[in-house]
Amino acid sequence: MADAGDSRHTPLYDQHLRAGAKMVDFAGWVMPVRYGSEIEEHHAVRRAAGLFDVSHMGEVRVRGDGALEFLQSLTPNDVTKLRPGRAHYSGLLTEQGTYVDDLLVYMLAENDYLVVVNAANVEVDYGWMVSRRNSSCRIDDHSDKYALLALQGPKAPEILSRLTDVDLATIKYYRFIDGAEIAGMRCLLSRTGYTGELGFELYLPPEDAPSMWQALLEAGADDGLVPCGLSARDTLRLEAGMALYGHEIDRETTPYEAGLGWVVKLASGDFVGRDALVRQRDEGVGRKLVGFEMLGKGIARQSYEVLHDGEAVGTVCSGTWSPTFDKALGTAYVPPTLAEVGTEIEIQIRKRTVAAKVVDLPFYRRS
Amino acid sequence: MYPEDYRYSEEHEWLKVDGDTATLGITDFAQQELGEVVFVEMPEAGETFDAGEEIGSIESVKAVSDIYVPVACEIVEANASLDDSPETVNEDPHGKGWLVKIRITDPAALDELMDAAAYQAHIAS
């Protein structure tokens, strides 16, 4: 039943099954949702380290003359600020300034970029980019050329240092080394992640993934490193206030509404969606993303209604039990007048109306 | 794993019948599907339900699942220990993780429930 239909397997599928993972269908892939206790996996990442298989993510290579201009015209962050070995968070936007996807842009070399996108959107993003190509650059879907492992948690540098000569302290946040040697294998080693913890992501050839997975788990076994599934990945990213496509951001929401205005560099020249964002900056947003915690019993889930004084005022984007805080947390869009921290709201949890209050995002900050 | 003297529903509840009363819980298969249970919402003693009605819900980290009662009944007692220790549903789903004790008001629907062998075939299919 885990292997429904024609869903794809990552190169680590057999490792997951052997480890007793519960597998689920996610964005066309059969992925591990948890190996044992998702709460223990979550705690492992906050306190020691966790290893994630996120090979379902997509990679699109954009290179050749005009690659810089092309990405600059298509994404809201300022690509001219990147240097080889640096990456940044950005997006693909519609003419309305809403999200087609969020993504990372890695600058490999001059006019050579790797764009990392969500698994569910690879085909849409690739098509979006190809149909808007305005220069002689090449655009290739290289998703099949990469497996992606994420080693996340305070012990990540120590664990990784046992397998490499690379001075990890020199890799600042959102920087990377292309061709780093880890456990005798070459990878693109990036100090990025989706958990709110210190950590690294390793892009490597699929055929090396099982050996790398094994090497990392063995190197970290004494430090409490455990494999982690999508469930822990989601609770970790939500605590860290990181957006997930299809929840906090989608084709209805803009970076300004989502609290991601820092990604938008209006001075970087024209890009798809810029005019709409300029208007929204001038006129103000009609709704804002907020974090909330439940005061009464129950867990908010995506698409539940948000109420204020009994009136529907918004919708829940994500909601979960938070293992770190031992309470139910969520994100929602509400009118700006209700976005202030401390505002009392209610969440319609099926037949019950349950009290909640607006709190600061992110819920969790690494100390 | 699945007690022989329990009856099982397609919605993955079990029922241990004792005369005109019964204990209800969710099966080991159901708790595995749900993941770690963090909150159980249950009915009050005295509430009455028809066969197939929703009586509450179980929240896990990642999902919410409704609890259905497979026979017409009156709630005698909800498992109060789950308020503080909802994880008992994961740890001992067929025992200490029971959800409610009921008085069966119309046993007709009992015949539609599966025995352990039939239930195991059901979840294997």
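How each quantity is defined
Residues numbered from 1 in each chain as written. Chains lettered and ligands numbered in written order. Predicted model: local features only at pLDDT ≥ 70, side-chain atom pairs only at ≥ 80, totals over all residues. Heavy atoms only, no water. Axes fitted to C-alpha atoms, helices over the stretch in contact; angles between N-to-C directions. Helix = DSSP H or I, 4+ residues; strand = E, 2+ residues; numbered from the N terminus. Parallel < 35°, antiparallel > 145°, perpendicular 65-115°, else oblique. Left-handed = near helix turned anticlockwise from the far one by under 90°. Contact = heavy atoms within 4.5 Å. Phe/Tyr/Trp six-rings, centres within 6.5 Å; stacked < 30°, edge-to-face > 60°. Lys NZ or Arg CZ within 6 Å of the ring centre and 35° of its normal. Buried < 20%, exposed > 50% of the residue type's maximum accessible area, 1.4 Å probe, protein only. Salt bridge = Lys/Arg side-chain N within 4 Å of Asp/Glu carboxyl O. Pairing = 2+ DSSP bridges.

J.: Help me understand the packing of helix H2 (residues 38-47) of chain A against helix H7 (residues 230-239) of chain A, please; the structure alone is not making it clear to me.
T.: Two numbers describe a pair of packed helices, the interaxial angle and the distance between the axes. Residues and elements named next belong to chain A. Between H2 and H7, the shortest axis-to-axis distance is 8 Å and the interhelical angle comes to 50 degrees. Viewed along their axes, H2 and H7 adopt a mutual orientation that is oblique. In the crossing of H2 with H7, the sense of the turn from one axis to the other is right-handed. In contact with Glu38, Glu41, His42, Val45 and Arg46 of H2, H7 contributes Ser231, Ala232, Thr235, Leu236 and Glu239.

J.: What am I meant to see in the packing of aromatic side chains here?
T.: Aromatic ring pairs are defined here through the distance separating the ring centres and the angle between the ring planes. For the coordinates displayed, the defined rule picks out ten aromatic pairs over all chains. Sitting over the face of the ring of Tyr364(A), Arg46(A) holds its NZ or CZ atom 3.8 Å from the ring centroid. In this arrangement the basic side chain of Lys101(B) is found over the ring face of Trp98(B), its NZ or CZ atom lying 4.2 Å from the centre.

J.: Got a minute to help me understand helix H3 (residues 67-74) of chain A in this structure?
T.: Residues and elements named next belong to chain A. Among the eight residues that make up H3, six are buried, leaving the element largely enclosed by the rest of the structure. Here H3 has its buried residues at Ala67, Phe70, Leu71, Gln72, Ser73 and Leu74. Where H3 is buried, its residues touch strand E5 (58-63), strand E6 (86-93), strand E7 (99-109), strand E8 (112-117), helix H4 (122-131) and strand E9 (138-141).

J.: Sorry, what's going on with the pattern of salt bridges here?
T.: Side-chain pairs of opposite charge can arise whenever the charged atoms involved come near each other. Inspection of every chain in the model, using the stated rule, returns 24 salt bridges over all chains. Glu293(A) is the salt-bridge partner of Lys327(A), the closest N and O atoms lying 3.2 Å from each other. Placement of the pair is Lys327(A) in strand E18 (residues 327-334) and Glu293(A) in strand E15 (residues 288-294), with a sequence separation of 34 residues. By relative accessible area, Lys327(A) is classed as partly exposed at 28%. Looking at Glu293(A), the relative accessible area reads 14%, which means it is buried. The closest approach of N and O atoms between Arg301(A) and Glu59(B), which form a salt bridge, is 2.6 Å. Here Arg301(A), found in the loop between E15 and strand E16 (305-308), pairs with Glu59(B), found in strand E6 (residues 53-60), and the two come from separate chains. For the pair Arg301(A) and Glu59(B), a shared accessibility class is recorded, and that class is buried. Look at the salt bridges and you will find they share partners, linking Arg301(A), Arg350(A), Arg352(A), Glu41(B) and Glu59(B) into a network.

J.: Sorry, what's going on with the pairing of strand E17 (residues 311-322) of chain A here?
T.: When a strand is regular, its side chains alternate between the sheet's two faces. Residue and element names in this part refer to chain A. Across four bridges, the pairing between E16 and E17 is antiparallel. Following the sheet pairing, Val306 is matched in E17 by Gly314. Taking the residues that link successive antiparallel strands as the turn, the E16-E17 hairpin has two residues, and the phi of Asp309 there is positive, at about 50 degrees. Direction of pairing for E17 relative to E18: antiparallel, over a ladder of seven bridges. For Thr320, the partnering residue across the bridge sits in E18 and is Leu329. Adjacent in sequence and paired antiparallel, E17 and E18 are bridged by four residues, among which Asp326 carries a positive phi angle near 55 degrees.

Just geometry here; none of it tells us what the structure is for.
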